[in-house]
Amino acid sequence: MKKYGKLAIAVIIALVFIGTFVFLWKKSQPKPVDYQELTPQQQDIRKTTIITGTIEPRNEVNVKPQISGIVTELMKRPGQTVQAGEVIAKVKVIPDMGQLSSAESRVRLSEINLLQAEKDFKRAEELHNKRLLSDEEFEKTRQKQNQAREEKAAAEDALQVVRDGVSKSNASASSTLIRSTISGVILDIPVKVGNSVINSNTFNDGTTIATVANMQDLIFRGNIDETEVGQLFEGMPMKLTIGALQNLTVDAQLEYISPKATQSNGAKQFEIKAAVQLASLTHKQSGQSTVISYANEHTQKIRAGFSANAEIVLKEVSQVMSVPESAIEFEGDSTFVYLVKEEGDKKTYERQHVETGLSDGVNIEIKKGISGKEKVRGPQIITDDNE
């Protein structure tokens, strides 16, 4: 029995060895290489670049007070429209003690001068009635009295402005009422009721009460790499896709290219600006594009600071013969394709020099070298090793 057991073990070991040898021999045999077969096609090719940037109002205006004080009332809130001259907020004046003291002193002095001028005029009038004073001297006295009255009124107005922010003689132009300087949309009101605000002067920029912008005059602002900026020119059309509103696209026209580069992450980039043409705004739905007006609810969703991608066509050719760029073999400055040749059941590949043109990164233009009726070898077909 022991003899038969040893024999069985030897047979099993031999079978394992032979099986391993056969498996390795099959794996070492060269497999036939299959390639995709491609047919040249007539199509448009565009070389484009994508620029990331933001949608911004062309002009943002910071509305600031003409006086220092405390905000007592806010008449508007962010997002509302406002007309030029419309009141945004009210401010209660906090008078400067030095200015207040000077204004009060001016009022007291004007009262003294007016009192003296009235006495002089009354005396001159009595002398003039008695023919003891000439008409010319009498008129000079009258003029001094009138000047003293005007000075007192001006001093009182100045005191009211310093103390209250408005005078009775010019109440319609009250500096306590903060008015918008342009018509547009209120983007931000960074103050609250009770906040202290100061007017702009030599030492500070003043407190911003509100930021107002015309949202019907927008621009796209972005940066382009130095390798592509040389292909841009002012007036170039662009197509914007707004990131937050994926179904909205809008045309734009390049209107500014910075003459100076900025350094960003080790690369030199140039700032560009493009005018957004809201009349061209389209809403894509089910593969169709419909032009909509600015009054439409979709356009009103455009907000300052939205991210957007601008597509610019740098070069384009129409209806040219092309093949996928993966079918091209590059060798120095030369380019080649492999033409598919069928000899019975066997396929061969003939290397053919071609002259290429514009590429969009996927397809490439073929100018010379093939007629377009041939089949071209494409990338290798990768199969699963287990099959």
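This is a predicted model, so every value here is computed, not measured.

### Quick notes on the overall build of the protein
Piece 1. Each helix and strand in the protein was counted, giving four helices and 22 strands.
Piece 2. A burial count over the protein gives 30% of its 387 residues as buried.
Piece 3. For the protein, the share of sequence-separated contacts (at least 6 apart) that also reach a separation of at least 24 residues comes to 70%.
Piece 4. Here the protein displays about 25,000 Å² of accessible surface, and carbon together with sulfur accounts for 49% of that area.

### Re the pairing of strand β20 (residues 346-359)
Piece 1. The pairing of strand β19 (residues 334-343) with β20 spans nine bridges and is antiparallel. Bridge pairing links L339 to E350 in β20.
Piece 2. Once β19 ends, the chain turns through two residues before running back antiparallel as β20, passing G344 with a positive phi of about 70 degrees.
Piece 3. Bridge analysis of β20 against strand β21 (residues 363-368) gives three bridges, and the strand direction is antiparallel. Bridged to E355 within β21 is K368.
Piece 4. Joining the antiparallel neighbours β20 and β21 is a turn of three residues, in which G361 adopts a positive phi near 95 degrees.

### A short note on the sheet that holds strand β4 (residues 69-74)
Piece 1. Within the open sheet, the four strands sit side by side as β7-β6-β4-β9. Their pairing is antiparallel. Two strands bound the open sheet, and with one partner strand each, they are β7 (177-179) and β9 (196-197).
Piece 2. As paired elements, β4 and β9 share two bridges and run antiparallel to each other. Along β9, the bridge assignment pairs I70 with S196.

### A look at the confidence of the model for the protein
Piece 1. Taken as a whole, the protein shows an average pLDDT of 81; of its residues, 83% reach a score of 70 or greater.
Piece 2. The spread of mean pLDDT over the elements of the protein runs between strand β16 (residues 288-291), the lowest at 48, and strand β10 (residues 210-213), the highest at 94.
Piece 3. In this model residues 286-296 is a low-confidence stretch, pLDDT under 50, and it forms 24 contacts with partners more than four residues away in sequence or in other chains.

### So, the pattern of salt bridges
Piece 1. Enumeration according to the criterion identifies 16 salt bridges in this entry.
Piece 2. Between K239 and D251 there is a salt bridge, and its shortest N-O distance comes to 2.6 Å. Within this pair, whereas K239 is found in strand β12 (residues 237-242), its partner D251 is found in strand β13 (residues 248-257), the two being separated by twelve residues in sequence.
Piece 3. Residue K239 is classed as partly exposed on the basis of its relative accessible area of 37%.
Piece 4. Between R351 and E329 there is a salt bridge whose closest N-O contact spans 2.6 Å. Of the two residues, R351 sits in strand β20 while E329 sits in strand β18 (residues 329-331), which places them 22 residues apart along the sequence.

### A word on the environment of L109
Piece 1. Structurally, L109 is set in helix α2 (residues 97-129).
Piece 2. C-alpha separation for the pair L109 and E151, spaced 42 residues apart in sequence, amounts to 9.5 Å.

### Looking at unusual backbone geometry
Piece 1. Not every positive phi belongs to a glycine, and R131 is a case in point at roughly 60 degrees.
Piece 2. Tracing the chain through its elements places R131 in the loop between α2 and α3 (135-164).
Piece 3. Of note in the backbone geometry, Q319 takes a positive phi value of approximately 45 degrees without being a glycine.

### A look at the sheet that holds strand β3 (residues 60-63)
Paired through backbone hydrogen bonds, the strands of a sheet run either parallel or antiparallel to each other.
Piece 1. Read across the open sheet, the four strands follow the order β3-β10-β8-β5; overall the sheet is antiparallel. The open sheet has two edge strands with one neighbour each: β3 and β5 (81-82).
Piece 2. By the bridge criterion, two bridges tie β5 to strand β8 (residues 184-188) in an arrangement that is antiparallel. Bridging across to β8, V82 finds its partner in G184.

### Considering the nonpolar core
Piece 1. Formed by 29 residues in total, the largest nonpolar core has its most connected members in I55, F220, L232, M238, L240, I272 and V276.
Piece 2. Elements with a contribution of two residues or more to this core: β2 (41-57), β11 (218-225), β12, β13, β15 (267-285) and β17 (307-324).
Piece 3. Residue contributions to this core peak at five residues, all from β15.
Piece 4. Discounting chain neighbours no more than four positions away, the residues touching M238 are F220, V250, D251, A252, L254, I272, A274, A310, E311 and I312.
Piece 5. Core analysis: the next-biggest nonpolar cluster, separate from the first, contains 14 residues, V71, I178, I189 and V197 among them.

Each value, and the rule that gives it
- Residues numbered from 1 in each chain as written.
- Predicted model: local features only at pLDDT ≥ 70, side-chain atom pairs only at ≥ 80, totals over all residues.
- Heavy atoms only, no water.
- Helix = DSSP H or I, 4+ residues; strand = E, 2+ residues; numbered from the N terminus.
- Buried < 20%, exposed > 50% of the residue type's maximum accessible area, 1.4 Å probe, protein only.
- Contact = heavy atoms within 4.5 Å.
- Areas by Shrake-Rupley, 256 points an atom, 1.4 Å probe, with all protein chains shown as cover.
- Pairing = 2+ DSSP bridges.
- pLDDT = per-residue confidence, 0-100.
- Salt bridge = Lys/Arg side-chain N within 4 Å of Asp/Glu carboxyl O.
- Core = buried A, V, L, I, M, F, W, Y, C linked by side-chain atoms within 4.5 Å.

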